Amino acid sequence: NAPLPEGIRLIDGWFDRDGQVALIAAIRAVVAEAPLYRPEMPRTGKPFSVRMTNCGPLGWVSDRAGYRYQPLHPVTGCPWPAIPEVLLALWGEVADYPHPPEACLVNFYDETARMGLHRDEDEAALDAPVVSVSLGDSCLFRIGGRERSDPTRSFRLASGDVFVLGGPSRLAFHGVDRIYPGSSTLLERGGRINLTLRRVTSPG
Ligand code: MD3
Ligand code: FE
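Everything quoted here is computed from the prediction, not taken from an experiment. Chains are numbered independently. Their residues run from 1 in the order of the written sequence. Lettering for chains starts from A, numbering for ligands starts from 1, and both go in the order in which the items are written. This being a predicted model, a pLDDT of at least 70 is required before a residue's local features are given, and a value of 80 or more before pairs of side-chain atoms are given or counted; all residues contribute to the totals for chains, interfaces and linings. Side-chain metrics rest on all non-hydrogen atoms present in the structure, leaving aside hydrogens and water.

Participant: Explain the pattern of salt bridges to me, using residue names and the numbers behind them.
Facilitator: Side chains carrying opposite charge are able to pair once their charged atoms draw close together. Salt-bridge detection follows one rule: a side-chain nitrogen of Lys or Arg within 4 Å of a carboxyl oxygen of Asp or Glu. Counted under the stated rule, the structure contains seven salt bridges. Asp63 serves as the salt-bridge partner of Arg68, at 2.7 Å between the closest nitrogen and oxygen. Take Asp63: its relative accessible area is 26%, and that puts it in the partly exposed class. Between Glu123 and Arg198 there is a salt bridge, and its shortest N-O distance comes to 3.0 Å. Summary of the burial criterion: residues with accessible area below 20% of their type's maximum are buried, those above 50% are exposed, and those between are partly exposed, where the area comes from a 1.4 Å probe applied to protein chains only.

Participant: Go over unusual backbone geometry with me, naming the residues and quoting the values.
Facilitator: Its identity is not glycine, yet Arg43 carries a phi of approximately 65°, on the positive side. Note on conventions: DSSP H or I runs of at least 4 residues are helices, E runs of at least 2 residues are strands, and numbering of each starts at the N terminus. Its place among the elements puts Arg43 in the loop between helix 1 (17–33) and strand 2 (51–55). Since its relative accessible area comes to 69%, Arg43 is described here as exposed. One non-glycine residue, Asp96, lies in the positive phi region at around 55°.

Participant: Give a detailed account of the coordination of the iron ion (ligand 2), specifying residues and quantitative values.
Facilitator: Protein ligation of the iron ion (ligand 2) involves His118 (NE2), Asp120 (OD) and His174 (NE2), the donor distances falling in the range 2.0 to 2.2 Å. Sites may look incomplete, because water is not among the atoms used; the donor set itself consists of N, O and S atoms within 2.8 Å of the metal (3.2 Å for Na, K and Ca). Mapping the donors of the iron ion (ligand 2) onto the primary sequence gives the spacing H-x1-D-x53-H. With a gap of 54 residues between them, Asp120 in the loop between strand 6 (115–118) and strand 7 (130–136) and His174 in strand 11 (residues 174–179) connect regions that are remote in the sequence. What makes Asp120 buried here is its relative accessible area of 10%.

Structure below.
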C-alpha cells in the first residue's frame, strides 16, 4: 500500500458503533428540520444523484446559477440547523485549525448514487482542512492530484471512518465511484451518509 498523498489523514474506525448510532440520531434531527433535497448542476440543471442538506451558519448549494454557500435552505427558506456538538468536538480534535467550522454538508447516497471527480474550491479559507465522516454503506473513493489529468488512487471508506484533507491535498480532484450496497447495517434502509465539515470564510 503506497503512502497516502501529502496532507491526507485517514483515521479508520474513529467512531465506534455507539458513536455512529449517536451521530445518525443527530443527523436525523438535522434532516427533520432541513430536509434532504436534490441539487442541480450549474447551467444544465441536471439533477445530482446524491441528495444533500447542511447544518451550520452556511450551507453549500448548487443550482442553475452555480455553486455557492448561503445561510438559508433553498427549499424551506429557513436557516440551516446548528452543527451537532459531537461534530464540533471532532473538528476540535482533528482539524488543527484555530476557528470553528461554518458548514457541515450532509450527502446521502442511495445504492446507485455517485459523485464525479471534482475539486472543492468554493471556500475562501483554503488553509483550513475539510474533515469528512463516512456512515452506513462503504464506498469506493477516488483521489488524484491538482490537475484533472493527474493519476488517481482508490480506496474503500467504511462506516465510522474519518478523513482529514488539508495541505497540498486540499485542492486535489476526488469523487465517489460506487456504493457497496448491504455493506453496513447502520442505516435500516441502507445507503451511505457522508458529512463534511468546512471552514468557508477566512477569519479577518
Ligand atoms: C479531498 N464528498 O462533498 S468526502 C464533497 O464521500 C465530497 O461524499 C465525498 O467530495 C463524499 O465535496 C468525499 C472526502 C473529501 C472531502 C473533501 C475533499 C475528500 C476531499 C477536499 C479535497 C480533497
Ligand atoms: Fe468534494
